[in-house]
Amino acid sequence: MATTALATADILADLGPFALESGGRLPAVRLAYETWGELDEDGGNAVLVLHALTGDSHVTGPAGEGHPTAGWWQSMVGPGAPIDTDRFFVVAPNVLGGCQGSTGPASTAPDGRPWGSRFPLLTVRDQVAAELRLADLLGVDRWALVIGASMGGLRVLEWAASAPDRVEAFAAIATCAQTGGDQIAGFHTQLNAILADPRYRDGDYYDAADGDGPHVGLGIARQIAHQTYRSAAELDERFGRIPQGAEDPLEGGRFAVQSYLDHHGDKLARRFDANTYVALTRSMITHDLGRDRGGVEAALAQVTARALVVAVDSDRLFTPAQSERVAAGVPGAGPVRYVRSAHGHDGFLIEEDQVGRLVTEFLREGARRR
């Protein structure tokens, strides 16, 4: 195994061939990651941060080459932050299947062409297995904390179930142990928006001219998703039935909320890969902590790590009831801690002070127990 430093501060870890849960195989796997802080001699200060669907390894720090925007969780990670990089060695990988440096559908296959439609089905369990290899490479035997929200939270829980001896504590934020019918339905419509785009070409579009890729389908998928990221109350209060600028809806113009969704769809289509969106969404559809473990409750009961379970009270993507199920099932979890927000699922990003306080208190409690 080898690592190569990049000018972007990303590092590429080559993890070798990889057998997948579905029976597929990747002949070579690479994960891109960033680190902050220094690993203690006893290795006891390592923290793993896991990103959501369209996130990446750039958790904190300024924009730069390869990362056109500043870190996505700046308030949470850094010197003096709740996850204090003066104290902790923080690792943030780009998920297996991603498009920000890790092996994914846009990566080059052994024949020199992008994987495209040939990329195999990935599960959350596969993604965590790759991160386990990364931990081995970094010399991290046990994480002081594994933390993530949304899709990242799925991997947090899978870490706790797959490698209980390697997770001292975890924070699972706005997430679930098993995706339900409503979530699968929402993910399905997003997938169909991409698959139905004629420019998707069954996933083999990488040699298309600029502007001739499946941008429309990816943008619509993002619009569908974004409705679940925000609460109905917020959209009504913020936009209501206000027209967009001088546009008249009775003459074919848009309401402001339509323009808002158009903006977010276009924004994602300019920076993200459609095949990656498909691969990662499918991994969320198949997420089930209880698979081959006797069911969800049996799997949760075997988790040994100390746990912080956080829900956003207005979340309609990963509902509070799903967080309550996790907290009730994990022996080391206290009651669910709530982020109070009008913003819905995105509250885990927007309500920085609330999330930061919860994580700070959790880490302090762990320090007192040592």
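Residues numbered from 1 in each chain as written. Predicted model: local features only at pLDDT ≥ 70, side-chain atom pairs only at ≥ 80, totals over all residues. Heavy atoms only, no water.

Caption draft 1: Layout of unusual backbone geometry. Backbone geometry at Arg-201 places phi at a positive 55°, although glycine is not the residue there. By the element assignment, Arg-201 lies in the loop between helix H3 (181-195) and helix H4 (215-229). The backbone of Asp-292 shows a phi angle near 60°, a positive value even though the residue is not glycine. Here Asp-292 lies in the loop between helix H7 (274-285) and helix H8 (296-301). (Helix = DSSP H or I, 4+ residues; strand = E, 2+ residues; numbered from the N terminus.)

Caption draft 2: Highlighting helix H6 (residues 256-269). Taking 1.5 Å per residue as the helical rise, H6 with its 14 residues ought to reach 20 Å, and the 20 Å between its terminal C-alpha atoms agrees with that figure. Residues of H6 that are buried: Ala-256, Ser-259, Tyr-260, Leu-261, His-264, Gly-265, Leu-268 and Ala-269. Of the surrounding elements, those touching the buried residues of H6 are H4, helix H5 (232-238) and H7. (Expected span 1.5 Å × (residues − 1). Buried < 20%, exposed > 50% of the residue type's maximum accessible area, 1.4 Å probe, protein only. Contact = heavy atoms within 4.5 Å.)

Caption draft 3: Expanded view of the pattern of salt bridges. Counting across every chain of the model gives 21 salt bridges. A salt bridge links Arg-306 to Glu-365, with the shortest nitrogen-to-oxygen separation between them at 4.0 Å. One end of the pair, Arg-306, is in strand E10 (residues 306-312); the other, Glu-365, is in helix H11 (residues 352-369), with 59 residues separating them in the sequence. The residue Arg-340 makes a salt bridge to Asp-313 at a minimum N-O spacing of 3.8 Å. Linking Arg-340 in the loop between strand E11 (337-339) and helix H10 (347-350) with Asp-313 in the loop between E10 and helix H9 (320-329), this pair joins segments that are 27 residues apart in sequence. A relative accessible area of 32% places Asp-313 in the partly exposed class. Via salt bridges that share partners, Glu-21, Arg-125, Glu-158, Arg-291 and Arg-293 belong to a single interconnected network. (Salt bridge = Lys/Arg side-chain N within 4 Å of Asp/Glu carboxyl O.)

Caption draft 4: The side chain of Thr-123, seen in detail. Here Thr-123 shows up in the loop between strand E7 (89-93) and helix H1 (124-138). Exposure remark for Thr-123: the relative accessible area of 6% places this residue in the buried category. Discounting residues that sit within four places of it in the chain, Thr-123 has contacts with Glu-21, Ser-283, Thr-286 and Arg-291.

Caption draft 5: Looking closely at the confidence of the model for the protein chain. Summing up the model confidence of the protein chain, the mean pLDDT is 95 and the portion of residues at 70 or higher is 97%. Here residues 1-8 scores under 50 on pLDDT; set against residues more than four positions off or in separate chains, the count is 21 contacts. (pLDDT = per-residue confidence, 0-100.)

Caption draft 6: Summary view of the nonpolar core. In terms of nonpolar packing, the biggest core is built from 52 residues, with Trp-143, Val-146, Trp-159 and Phe-170 touching the most fellow members. Ranked by residues supplied to this core, first place goes to H1 with 6 residues. Among residues more than four places away in sequence, those in contact with Val-146 are Leu-48, Leu-50, Val-156, Trp-159, Val-167, Ala-169, Phe-170 and Ala-171. Within the second largest apolar cluster, 28 residues are counted, among which are Trp-36, Trp-73, Ala-174 and Val-310. (Core = buried A, V, L, I, M, F, W, Y, C linked by side-chain atoms within 4.5 Å.)

Caption draft 7: Main features of the packing of aromatic side chains. In this structure the tally under the stated criterion is 7 aromatic pairs. With centroids separated by 5.8 Å and ring planes inclined at 40°, the aromatic side chains of Tyr-200 and Tyr-205 adopt a geometry described as tilted. Ring geometry for Phe-239 and Tyr-260: centres 4.7 Å apart, planes at 40°, overall tilted. Taken together, the residues span a long stretch of sequence, with Phe-239 in the loop between H5 and H6 and Tyr-260 in helix H6 at a distance of 21 residues. Residue Phe-239 is classed as buried on the basis of its relative accessible area of 11%. Taken together, the ring pairs in this structure connect Tyr-200, Tyr-205 and Tyr-206 into an aromatic cluster. Directly above the aromatic system of Phe-362 lies the positively charged group of Arg-306, at a separation of 3.9 Å from the ring centroid. (Phe/Tyr/Trp six-rings, centres within 6.5 Å; stacked < 30°, edge-to-face > 60°. Lys NZ or Arg CZ within 6 Å of the ring centre and 35° of its normal.)

Caption draft 8: Representation of the packing of H3 against H4. Here H3 crosses H4 at 165°, and the two axes come no closer than 7 Å. As judged from the angle between their axes, H3 and H4 are roughly antiparallel. Along this stretch, H3 crosses H4, giving a crossing that reads as right-handed. Here H3 contributes Gly-186, Thr-189, Gln-190, Ala-193 and Ile-194 to the contact with H4, which in turn contributes Gly-217, Leu-218, Ile-220, Ala-221, Ile-224 and Ala-225. In terms of residue class, the contact of H3 with H4 is built from 7 nonpolar, 4 polar and no charged. (Axes fitted to C-alpha atoms, helices over the stretch in contact; angles between N-to-C directions. Parallel < 35°, antiparallel > 145°, perpendicular 65-115°, else oblique. Left-handed = near helix turned anticlockwise from the far one by under 90°. Nonpolar A, V, L, I, M, F, W, Y, C, P; charged D, E, K, R; others polar.)

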